[in-house]
Amino acid sequence: MYRVLLRKFLRAVTILLVVSFTTYLLMYGKGPGIVRAVLGREAQEADIRREVTRLGLDRPLLVQYGDWLQGLLTGDLGESLFTGQSVTSLLATRVPVTLALVFLTLVMMAVLSVLLGVTAAVRGGWIDRVVQFLSVLGAAVPPFVIAIGLVFTFAIAVRVFPATGYVSPDQSFGGWIASVTLPTLALLIGAVAGAAAQFRGAVIDTLSQDFVRTLRARGISEREVVFRHVLRNAGGPGLMTLNLGVMTLLGGAVFIEQIFALPGLGSAGLEASLQGDVPVVMGILVVAIAIVLVVNLFADLANAALTPKARTR
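S.K.: Before we move on, could you go through the overall build of the protein chain and cite the residues and values that matter?
M.R.: Each helix and strand in the protein chain was counted, giving 12 helices and 0 strands. Reading the secondary structure of the protein chain in the N-to-C direction produces α-α-α-α-α-α-α-α-α-α-α-α. Each principal axis of the C-alpha distribution contributes one length, and for the protein chain these read about 85 × 55 × 35 Å. In the protein chain, which comprises 313 residues, the share counted as buried stands at 39%. Within the structure as shown, the protein chain displays about 17,100 Å² of accessible surface, and the carbon and sulfur contribution to it stands at 65%.

Okay, structure coming up:
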(Lines give C-alpha, C1' and ligand atoms only; values in the text may rest on other atoms or scores of the structure.)
Protein backbone atom coordinates (compact mmCIF):
# COMPACT_ATOMS: atom_id res chain seq x y z
CA MET A 1 0.00 0.00 0.00
CA TYR A 2 2.82 2.40 0.86
CA ARG A 3 4.54 1.68 -2.45
CA VAL A 4 1.34 2.45 -4.31
CA LEU A 5 0.95 5.69 -2.36
CA LEU A 6 4.54 6.70 -3.08
CA ARG A 7 4.16 5.87 -6.76
CA LYS A 8 0.98 7.91 -7.07
CA PHE A 9 2.58 10.84 -5.23
CA LEU A 10 5.62 10.79 -7.52
CA ARG A 11 3.32 10.65 -10.53
CA ALA A 12 1.42 13.69 -9.27
CA VAL A 13 4.65 15.64 -8.75
CA THR A 14 5.83 14.67 -12.24
CA ILE A 15 2.59 15.87 -13.81
CA LEU A 16 2.83 19.15 -11.91
CA LEU A 17 6.40 19.70 -13.12
CA VAL A 18 5.66 18.81 -16.74
CA VAL A 19 2.54 20.97 -17.00
CA SER A 20 4.10 23.95 -15.20
CA PHE A 21 7.29 23.72 -17.31
CA THR A 22 5.34 23.54 -20.57
CA THR A 23 3.12 26.45 -19.59
CA TYR A 24 6.11 28.48 -18.43
CA LEU A 25 7.85 28.03 -21.76
CA LEU A 26 4.72 28.98 -23.68
CA MET A 27 4.03 32.10 -21.63
CA TYR A 28 7.49 33.41 -20.81
CA GLY A 29 8.80 32.53 -24.24
CA LYS A 30 7.19 35.75 -25.47
CA GLY A 31 10.06 37.71 -23.90
CA PRO A 32 9.66 41.42 -24.73
CA GLY A 33 6.02 40.84 -25.63
CA ILE A 34 5.22 40.53 -21.94
CA VAL A 35 6.83 43.90 -21.21
CA ARG A 36 5.01 45.55 -24.12
CA ALA A 37 1.71 44.35 -22.66
CA VAL A 38 2.63 46.00 -19.34
CA LEU A 39 4.10 49.28 -20.63
CA GLY A 40 1.64 49.74 -23.46
CA ARG A 41 2.00 50.22 -27.20
CA GLU A 42 3.54 53.69 -26.84
CA ALA A 43 6.54 52.42 -24.87
CA GLN A 44 9.98 53.13 -26.30
CA GLU A 45 12.35 50.30 -27.20
CA ALA A 46 14.89 51.54 -24.65
CA ASP A 47 12.27 51.34 -21.89
CA ILE A 48 11.25 47.87 -23.04
CA ARG A 49 14.84 46.60 -23.02
CA ARG A 50 15.42 48.11 -19.58
CA GLU A 51 12.28 46.44 -18.17
CA VAL A 52 13.17 43.12 -19.81
CA THR A 53 16.55 43.23 -18.08
CA ARG A 54 15.00 44.23 -14.74
CA LEU A 55 12.54 41.33 -14.86
CA GLY A 56 15.26 38.92 -15.95
CA LEU A 57 13.43 37.96 -19.15
CA ASP A 58 16.64 38.17 -21.17
CA ARG A 59 18.08 35.12 -19.41
CA PRO A 60 17.73 31.54 -20.76
CA LEU A 61 14.26 30.12 -20.19
CA LEU A 62 15.59 27.13 -18.27
CA VAL A 63 17.34 29.45 -15.83
CA GLN A 64 14.18 31.52 -15.43
CA TYR A 65 12.11 28.39 -14.83
CA GLY A 66 14.63 27.14 -12.27
CA ASP A 67 14.34 30.39 -10.33
CA TRP A 68 10.54 30.28 -10.55
CA LEU A 69 10.50 26.66 -9.35
CA GLN A 70 12.77 27.55 -6.45
CA GLY A 71 10.39 30.36 -5.55
CA LEU A 72 7.47 27.93 -5.76
CA LEU A 73 9.15 25.62 -3.24
CA THR A 74 9.70 28.54 -0.85
CA GLY A 75 6.24 30.02 -1.35
CA ASP A 76 7.38 32.99 -3.45
CA LEU A 77 5.58 33.11 -6.81
CA GLY A 78 6.71 36.58 -7.72
CA GLU A 79 4.67 39.74 -8.11
CA SER A 80 1.91 40.90 -10.42
CA LEU A 81 3.28 42.78 -13.41
CA PHE A 82 0.46 45.32 -13.23
CA THR A 83 -0.28 45.87 -9.54
CA GLY A 84 2.98 44.79 -7.92
CA GLN A 85 1.02 42.67 -5.44
CA SER A 86 2.59 39.45 -4.28
CA VAL A 87 1.09 36.50 -6.15
CA THR A 88 1.22 34.43 -2.97
CA SER A 89 -0.82 36.99 -1.02
CA LEU A 90 -3.29 37.30 -3.89
CA LEU A 91 -3.78 33.53 -3.94
CA ALA A 92 -4.17 33.47 -0.16
CA THR A 93 -7.30 35.61 -0.48
CA ARG A 94 -8.65 34.00 -3.65
CA VAL A 95 -8.12 30.28 -3.04
CA PRO A 96 -10.48 29.95 -0.03
CA VAL A 97 -13.37 31.40 -2.04
CA THR A 98 -12.98 28.94 -4.91
CA LEU A 99 -12.24 26.00 -2.61
CA ALA A 100 -15.37 26.69 -0.57
CA LEU A 101 -17.49 26.87 -3.73
CA VAL A 102 -16.02 23.67 -5.20
CA PHE A 103 -16.05 21.77 -1.89
CA LEU A 104 -19.69 22.59 -1.12
CA THR A 105 -20.71 21.62 -4.64
CA LEU A 106 -18.68 18.40 -4.52
CA VAL A 107 -20.14 17.27 -1.18
CA MET A 108 -23.73 17.85 -2.29
CA MET A 109 -22.93 16.33 -5.67
CA ALA A 110 -21.63 13.15 -4.00
CA VAL A 111 -24.65 12.79 -1.71
CA LEU A 112 -27.32 13.56 -4.29
CA SER A 113 -25.73 11.58 -7.13
CA VAL A 114 -25.46 8.46 -4.95
CA LEU A 115 -29.06 8.78 -3.76
CA LEU A 116 -30.46 9.45 -7.23
CA GLY A 117 -28.26 6.90 -8.97
CA VAL A 118 -28.98 4.08 -6.55
CA THR A 119 -32.70 4.84 -6.48
CA ALA A 120 -32.91 4.93 -10.27
CA ALA A 121 -30.98 1.67 -10.63
CA VAL A 122 -32.88 -0.24 -7.93
CA ARG A 123 -36.41 1.14 -8.36
CA GLY A 124 -36.41 1.82 -12.11
CA GLY A 125 -39.68 3.14 -13.53
CA TRP A 126 -40.39 6.85 -13.66
CA ILE A 127 -37.49 7.68 -11.30
CA ASP A 128 -35.05 6.06 -13.71
CA ARG A 129 -36.53 7.99 -16.65
CA VAL A 130 -36.34 11.26 -14.73
CA VAL A 131 -32.67 10.72 -13.84
CA GLN A 132 -31.80 9.91 -17.45
CA PHE A 133 -33.69 12.98 -18.68
CA LEU A 134 -31.95 15.21 -16.13
CA SER A 135 -28.54 13.84 -17.13
CA VAL A 136 -29.18 14.79 -20.76
CA LEU A 137 -30.58 18.17 -19.77
CA GLY A 138 -27.68 18.86 -17.41
CA ALA A 139 -25.15 18.09 -20.13
CA ALA A 140 -26.97 20.28 -22.65
CA VAL A 141 -27.43 23.41 -20.52
CA PRO A 142 -24.20 25.27 -19.61
CA PRO A 143 -23.72 26.32 -15.96
CA PHE A 144 -23.72 30.04 -16.82
CA VAL A 145 -27.22 29.70 -18.35
CA ILE A 146 -28.42 28.00 -15.17
CA ALA A 147 -26.73 30.77 -13.16
CA ILE A 148 -28.56 33.51 -15.06
CA GLY A 149 -31.86 31.71 -14.58
CA LEU A 150 -31.22 31.38 -10.84
CA VAL A 151 -30.38 35.09 -10.56
CA PHE A 152 -33.58 36.13 -12.33
CA THR A 153 -35.67 33.75 -10.23
CA PHE A 154 -34.21 33.94 -6.72
CA ALA A 155 -32.42 37.30 -6.72
CA ILE A 156 -34.60 39.54 -8.89
CA ALA A 157 -38.11 38.07 -8.93
CA VAL A 158 -38.28 36.56 -5.43
CA ARG A 159 -35.25 38.34 -3.87
CA VAL A 160 -34.32 35.55 -1.51
CA PHE A 161 -30.57 35.60 -2.21
CA PRO A 162 -28.20 38.37 -3.32
CA ALA A 163 -27.52 38.54 -7.06
CA THR A 164 -23.82 39.31 -6.73
CA GLY A 165 -21.15 39.84 -4.10
CA TYR A 166 -19.35 37.76 -1.52
CA VAL A 167 -19.43 37.84 2.27
CA SER A 168 -16.61 36.22 4.20
CA PRO A 169 -17.68 33.68 6.85
CA ASP A 170 -15.58 35.68 9.33
CA GLN A 171 -17.86 38.67 8.80
CA SER A 172 -21.19 36.83 8.78
CA PHE A 173 -21.76 33.10 8.47
CA GLY A 174 -25.36 33.64 7.41
CA GLY A 175 -24.27 36.22 4.84
CA TRP A 176 -21.65 33.80 3.55
CA ILE A 177 -24.24 31.04 3.11
CA ALA A 178 -26.51 33.45 1.25
CA SER A 179 -23.70 34.64 -1.04
CA VAL A 180 -22.58 31.13 -2.08
CA THR A 181 -25.99 29.44 -2.37
CA LEU A 182 -26.83 30.49 -5.93
CA PRO A 183 -23.28 29.94 -7.28
CA THR A 184 -23.22 26.48 -5.70
CA LEU A 185 -26.61 25.59 -7.17
CA ALA A 186 -25.48 26.83 -10.59
CA LEU A 187 -22.55 24.41 -10.53
CA LEU A 188 -24.47 21.62 -8.80
CA ILE A 189 -27.51 21.23 -11.04
CA GLY A 190 -25.64 20.19 -14.15
CA ALA A 191 -22.91 18.27 -12.33
CA VAL A 192 -25.19 16.13 -10.17
CA ALA A 193 -27.29 15.07 -13.15
CA GLY A 194 -24.32 13.60 -15.00
CA ALA A 195 -22.82 12.04 -11.87
CA ALA A 196 -26.15 10.42 -10.94
CA ALA A 197 -26.34 8.84 -14.40
CA GLN A 198 -22.81 7.45 -13.95
CA PHE A 199 -23.66 6.03 -10.52
CA ARG A 200 -26.84 4.54 -11.96
CA GLY A 201 -24.87 2.74 -14.66
CA ALA A 202 -22.28 1.47 -12.17
CA VAL A 203 -24.97 0.14 -9.82
CA ILE A 204 -26.87 -1.56 -12.66
CA ASP A 205 -23.67 -3.26 -13.83
CA THR A 206 -22.92 -4.45 -10.30
CA LEU A 207 -26.47 -5.72 -9.75
CA SER A 208 -26.05 -7.98 -12.77
CA GLN A 209 -22.97 -9.70 -11.31
CA ASP A 210 -23.08 -13.34 -10.18
CA PHE A 211 -22.15 -12.57 -6.57
CA VAL A 212 -25.30 -10.42 -6.21
CA ARG A 213 -27.50 -13.31 -7.32
CA THR A 214 -25.66 -15.54 -4.87
CA LEU A 215 -26.24 -13.13 -2.01
CA ARG A 216 -29.94 -12.91 -2.84
CA ALA A 217 -30.19 -16.71 -3.04
CA ARG A 218 -28.73 -16.92 0.47
CA GLY A 219 -31.65 -14.87 1.73
CA ILE A 220 -29.79 -11.64 2.44
CA SER A 221 -32.12 -8.66 2.41
CA GLU A 222 -32.13 -6.37 -0.62
CA ARG A 223 -31.19 -3.39 1.51
CA GLU A 224 -28.08 -5.16 2.82
CA VAL A 225 -27.17 -6.35 -0.67
CA VAL A 226 -27.36 -2.84 -2.09
CA PHE A 227 -25.84 -0.77 0.70
CA ARG A 228 -23.22 -3.24 1.94
CA HIS A 229 -22.07 -5.01 -1.21
CA VAL A 230 -23.29 -3.29 -4.36
CA LEU A 231 -22.31 0.23 -3.32
CA ARG A 232 -18.85 -0.95 -2.28
CA ASN A 233 -18.20 -2.50 -5.69
CA ALA A 234 -19.79 0.38 -7.60
CA GLY A 235 -17.86 2.93 -5.57
CA GLY A 236 -14.77 2.77 -7.80
CA PRO A 237 -16.41 4.15 -10.97
CA GLY A 238 -18.38 6.56 -8.83
CA LEU A 239 -15.23 7.96 -7.24
CA MET A 240 -13.67 8.43 -10.66
CA THR A 241 -16.76 10.34 -11.73
CA LEU A 242 -16.44 12.66 -8.73
CA ASN A 243 -12.73 12.99 -9.41
CA LEU A 244 -13.38 14.17 -12.96
CA GLY A 245 -16.14 16.36 -11.59
CA VAL A 246 -13.56 18.43 -9.70
CA MET A 247 -11.91 19.49 -12.96
CA THR A 248 -15.32 20.33 -14.41
CA LEU A 249 -16.23 22.36 -11.33
CA LEU A 250 -12.97 24.32 -11.46
CA GLY A 251 -13.60 25.13 -15.11
CA GLY A 252 -17.19 26.13 -14.42
CA ALA A 253 -16.10 28.30 -11.49
CA VAL A 254 -14.38 30.67 -13.94
CA PHE A 255 -17.73 31.73 -15.41
CA ILE A 256 -19.77 31.38 -12.23
CA GLU A 257 -17.44 33.66 -10.28
CA GLN A 258 -17.71 36.27 -13.02
CA ILE A 259 -21.51 36.16 -13.03
CA PHE A 260 -21.84 36.40 -9.24
CA ALA A 261 -18.82 38.72 -8.75
CA LEU A 262 -17.03 36.30 -6.43
CA PRO A 263 -13.36 37.13 -5.66
CA GLY A 264 -12.04 33.65 -6.43
CA LEU A 265 -9.41 32.03 -8.61
CA GLY A 266 -11.63 31.98 -11.68
CA SER A 267 -12.26 35.71 -11.83
CA ALA A 268 -8.63 36.48 -10.99
CA GLY A 269 -7.36 34.06 -13.64
CA LEU A 270 -9.63 35.47 -16.33
CA GLU A 271 -8.60 39.04 -15.53
CA ALA A 272 -4.90 38.13 -15.46
CA SER A 273 -5.19 36.27 -18.77
CA LEU A 274 -6.81 39.24 -20.48
CA GLN A 275 -4.12 41.57 -19.13
CA GLY A 276 -1.23 39.24 -19.84
CA ASP A 277 -0.21 39.15 -16.17
CA VAL A 278 1.98 36.05 -16.53
CA PRO A 279 3.09 35.57 -12.87
CA VAL A 280 -0.52 35.61 -11.67
CA VAL A 281 -1.61 33.19 -14.40
CA MET A 282 1.22 30.81 -13.52
CA GLY A 283 0.38 30.95 -9.81
CA ILE A 284 -3.31 30.23 -10.42
CA LEU A 285 -2.44 27.43 -12.84
CA VAL A 286 -0.18 25.72 -10.29
CA VAL A 287 -2.82 25.97 -7.56
CA ALA A 288 -5.53 24.57 -9.87
CA ILE A 289 -3.29 21.67 -10.91
CA ALA A 290 -2.38 21.00 -7.28
CA ILE A 291 -6.05 20.89 -6.27
CA VAL A 292 -6.86 18.41 -9.04
CA LEU A 293 -3.86 16.22 -8.21
CA VAL A 294 -4.63 16.18 -4.47
CA VAL A 295 -8.25 15.22 -5.13
CA ASN A 296 -7.06 12.59 -7.60
CA LEU A 297 -4.68 11.18 -4.98
CA PHE A 298 -7.42 10.93 -2.35
CA ALA A 299 -9.78 9.38 -4.90
CA ASP A 300 -7.16 6.74 -5.70
CA LEU A 301 -6.68 5.98 -2.00
CA ALA A 302 -10.43 5.69 -1.45
CA ASN A 303 -10.73 3.48 -4.51
CA ALA A 304 -7.91 1.28 -3.19
CA ALA A 305 -9.73 0.96 0.14
CA LEU A 306 -12.95 -0.09 -1.61
CA THR A 307 -11.41 -2.24 -4.35
CA PRO A 308 -8.42 -4.44 -3.39
CA LYS A 309 -7.41 -4.84 -7.05
CA ALA A 310 -6.79 -1.08 -7.29
CA ARG A 311 -4.07 -1.31 -4.63
CA THR A 312 -1.69 -2.93 -7.07
CA ARG A 313 -2.10 -0.40 -9.88
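S.K.: Give me the lowdown on the side chain of Asp277, citing residues and values where you can.
M.R.: Residue position: Asp277 is located in the loop between helix H11 (265–275) and helix H12 (278–306). We note that Asp277 is buried and unpaired, the nearest opposite charge coming from Arg94 at a distance of 10 Å. A polar side-chain atom of Asp277 sits 2.4 Å from a polar atom in the side chain of Ser80. Discounting residues that sit within four places of it in the chain, Asp277 has contacts with Ser80, Leu81, Phe82 and Ala272.

S.K.: Summarise helix H6 (residues 125–140); cite the residues concerned and give the values.
M.R.: In an α-helix there are 3.6 residues to a turn, and that puts residues three or four apart on one side. Helix length check: H6, at 16 residues, gives a terminal C-alpha distance of 23 Å against a target of 22 Å (1.5 Å per residue), a fit within 8%. Three or more residues of H6 are buried, namely Ile127, Asp128, Val131, Ser135 and Gly138. Take H6 and look down its axis: the buried residues cluster within an arc of 100 degrees, on one side only. Away from the buried face of H6 by more than 90 degrees, exposed residues Trp126, Arg129, Phe133, Val136 and Ala140 are located. On its buried face, H6 sits against helix H5 (87–123) and helix H8 (173–207).

S.K.: Please give an account of the packing of helix H7 (residues 143–157) against H8 that cites residues and values.
M.R.: Contact pair H7 / H8: the axes reach a minimum separation of 9 Å and the direction vectors enclose 135 degrees. Taken together, the axes of H7 and H8 lie oblique to each other. Between H7 and H8 lies a crossing whose hand is right-handed. Every residue of H8 that contacts H7 at Pro143, Ile146, Ala147, Leu150, Phe154 and Ala155 is listed here: Leu182, Leu185, Ala186, Ile189 and Gly190. Looking at side-chain class alone, the contact of H7 with H8 contains 10 nonpolar, 1 polar and no charged residues.

S.K.: Describe in detail the nonpolar core, supporting the description with residues and values.
M.R.: Core analysis: the biggest nonpolar cluster contains 54 residues, and Tyr28, Trp68, Leu91, Met109, Ile256, Phe260 and Met282 have the highest contact counts within it. Apart from the residues within four sequence positions on either side, Tyr28 is in contact with Ile34, Leu57, Leu61, Gln64, Val278, Pro279 and Met282.

S.K.: Give a detailed account of a nonpolar patch on the surface, specifying residues and quantitative values.
M.R.: Where nonpolar side chains cluster on the molecular surface, the patch consists of Phe103, Val107, Met108, Val111, Leu112, Leu115 and Leu116 and spans about 600 Å² of accessible area. The residue Leu115 is located in helix H5 in this model.

S.K.: Run through H5, naming residues and quoting values.
M.R.: The terminal C-alpha atoms of H5 lie 52 Å apart, and with 37 residues this matches the ideal 54 Å at 1.5 Å per residue to within 8%. Taking the largest bend as the criterion, H5 deviates by roughly 30 degrees, centred on Arg94, and proline Pro96 comes between one and four positions later. Of the residues flanking the start of H5, the one acting as N-cap is Ser86, its side-chain oxygen 3.3 Å from the backbone nitrogen of Thr88. Gly124 sits one or two residues past H5 and shows a positive phi near 70 degrees.

Thresholds applied
- Residues numbered from 1 in each chain as written.
- Predicted model: local features only at pLDDT ≥ 70, side-chain atom pairs only at ≥ 80, totals over all residues.
- Heavy atoms only, no water.
- Helix = DSSP H or I, 4+ residues; strand = E, 2+ residues; numbered from the N terminus.
- Buried < 20%, exposed > 50% of the residue type's maximum accessible area, 1.4 Å probe, protein only.
- Areas by Shrake-Rupley, 256 points an atom, 1.4 Å probe, with all protein chains shown as cover.
- Lys, Arg positive; Asp, Glu negative; His and termini not counted.
- Salt bridge = Lys/Arg side-chain N within 4 Å of Asp/Glu carboxyl O.
- Polar contact = N/O pair within 3.5 Å; in protein donor to acceptor, adjacent residues only side chain to side chain.
- Contact = heavy atoms within 4.5 Å.
- Expected span 1.5 Å × (residues − 1).
- Arc of directions from axis to C-beta.
- Axes fitted to C-alpha atoms, helices over the stretch in contact; angles between N-to-C directions.
- Parallel < 35°, antiparallel > 145°, perpendicular 65-115°, else oblique.
- Left-handed = near helix turned anticlockwise from the far one by under 90°.
- Nonpolar A, V, L, I, M, F, W, Y, C, P; charged D, E, K, R; others polar.
- Core = buried A, V, L, I, M, F, W, Y, C linked by side-chain atoms within 4.5 Å.
- Patch = residues over 30% accessible without salt bridge, like charges linked within 9 Å, V, L, I, M, F, W, Y side chains within 5 Å.
- Bend = angle between axes of the 7 residues up to and from the residue.

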